[in-house]
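# Notes for the structure review
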Amino acid sequence: MSQQNDLKTILNKLHYSDDAKVVEQISAQTKLVMARMKGIRRKVVVMSGKGGVGKSMTTVNLALAFARMGQRVGLLDVDINGPCVPQMLGMRGKGLLDTPEGAVPPTGPLNIKVASMDFLLQENAPVRWKGPMDLSPVWLGMTEMNVIREFLSDMVWGELDYLLADLPPGAAADKPPLLAGLIPDLAGAVVVTTPSEVASNVVQKSIAYAQELGIEILGVVENMSQYRCPSCGEESPLFEGDTDSMCEALGLPLLGRIPFDRNFARTFDKGEPILEGDNPTSAKYQDIAKKVHTLLDYQHVLDGKV
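Residues numbered from 1 in each chain as written. Predicted model: local features only at pLDDT ≥ 70, side-chain atom pairs only at ≥ 80, totals over all residues. Heavy atoms only, no water.

A word on the side chain of Ser-116. One can find Ser-116 in strand β5 (residues 113-116). The class of Ser-116 is buried, set by a relative accessible area of 0%. Those residues in contact with Ser-116 that sit more than four places away from it in its chain are Asp-77, Pro-83, Pro-86 and Phe-151. (Helix = DSSP H or I, 4+ residues; strand = E, 2+ residues; numbered from the N terminus. Buried < 20%, exposed > 50% of the residue type's maximum accessible area, 1.4 Å probe, protein only. Contact = heavy atoms within 4.5 Å.)

Printed below as a string of structure tokens:
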């Protein structure tokens, strides 16, 4: 019996004693998330544990790279306070289609389905929580977790080859237990870092924590590896660090290095993503996507699922 069937059996046998039926609601939402994601072959999260390393840029460009490979791709952006994927893909102002079956994500560039908290928020409006945060520091994290669970339970993805999830650092959404609990049959995580000692130290802790909980780390992407001159294209060092040594110590592959490319970044800021794969920076993301795809194919064979 698979882990998913075991979980379904346990959830179906639960009895609830709380009058508010909170546990029952959570159980029902969890089962609904599993049903919604049943048609998705591979679910991959992009994480780091450190803010400002470029997880959203990495997630968006990996989604574009997989789509260029002919894969059916979905992109999940559950950053409650700072969702930016729709802006990067030129999808601001779009919304979820409400149907009797649930909320259908809009389709963006290269037919990528995008579900983002941004579609539910007013422009530039901050998210404010009402509750006893001064009495219980745990309250905020639990509230965000419940919002994300409900958000996921409403999404109707259909059939996909890949679902990439861009999850923020710090808040409850980036905690490995939540990742494992809310996204069933997680294929693994791509970890993003910069060649900075500060970033590497934080990222290593996040990796160790995820591995302890059984989350497969597919590899590391070194973002802002160098600075690409917008005029001549020459690349120069931007940070001092040793991501190679970190990967070697952790036994993880370095999937690729992405330079900071001002012209490339500007296009996404303006909501004009580069869709062609012949751009030098796009080509690097394409190589990373191919490595992840090959790695997951290899794992598929090892698991005997052929």
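From this point, things continue past the structure.
This part takes up the side chain of Glu-222. By the element assignment, Glu-222 lies in strand β8 (residues 217-228). A relative accessible area of 4% places Glu-222 in the buried class. A distance of 3.0 Å separates polar atoms of two side chains, one belonging to Glu-222 and the other to Arg-257. In this view, Glu-222 contacts Thr-193, Thr-194, Pro-195, Thr-243, Leu-254, Gly-256, Arg-257 and Ile-258; residues no more than four positions away in its chain are not counted. (Polar contact = N/O pair within 3.5 Å; in protein donor to acceptor, adjacent residues only side chain to side chain.)

Counted under the stated rule, the structure contains 3 aromatic pairs. Taking the centre distance of 4.0 Å and the plane angle of 15 degrees together, the rings of Phe-66 and Tyr-162 count as stacked. Pair noted here: Phe-66 is in helix α3 (residues 55-68) and Tyr-162 is in strand β6 (residues 160-166), with a separation of 96 residues, a long-range link. Judged on exposure class, the residue Phe-66 and its partner Tyr-162 are both buried. One aromatic cluster in this structure is built from Phe-264, Phe-268 and Tyr-285. (Phe/Tyr/Trp six-rings, centres within 6.5 Å; stacked < 30°, edge-to-face > 60°.)

Further remarks concern the UniProt feature "binding site: ATP" (unreviewed entry) in the protein. UniProt's feature table lists "binding site: ATP" (unreviewed entry) at Gly-49, Lys-50, Gly-51, Gly-52, Val-53, Gly-54, Lys-55 and Ser-56, given in the numbering used throughout. Annotated residues from the preceding list that form part of the lining of the second largest pocket: these are Gly-52, Val-53, Gly-54, Lys-55 and Ser-56. By relative accessible area, which is 26% here, Gly-49 ends up partly exposed. Mapped onto the secondary structure, Gly-54 falls in the loop between β1 (40-47) and α3. Residues within four places of Gly-54 in sequence aside, it is in contact with Val-192, Asn-223 and Met-224. (UniProt positions renumbered as here; feature names shortened; annotations may be inferred. 1 Å grid on protein atoms, 1.4 Å probe; cavity = no way out; pocket = protein on both sides within 12 Å on 5 of 7 lines; lining within 4 Å.)

To continue, consider a nonpolar patch on the surface. A cluster of nonpolar side chains, contributed by Leu-238, Phe-239 and Phe-260, occupies part of the molecular surface with about 240 Å² of accessible area. Along the polypeptide, Phe-239 turns up in the loop between β9 (235-237) and α8 (243-250). (Patch = residues over 30% accessible without salt bridge, like charges linked within 9 Å, V, L, I, M, F, W, Y side chains within 5 Å. Areas by Shrake-Rupley, 256 points an atom, 1.4 Å probe, with all protein chains shown as cover. Salt bridge = Lys/Arg side-chain N within 4 Å of Asp/Glu carboxyl O.)

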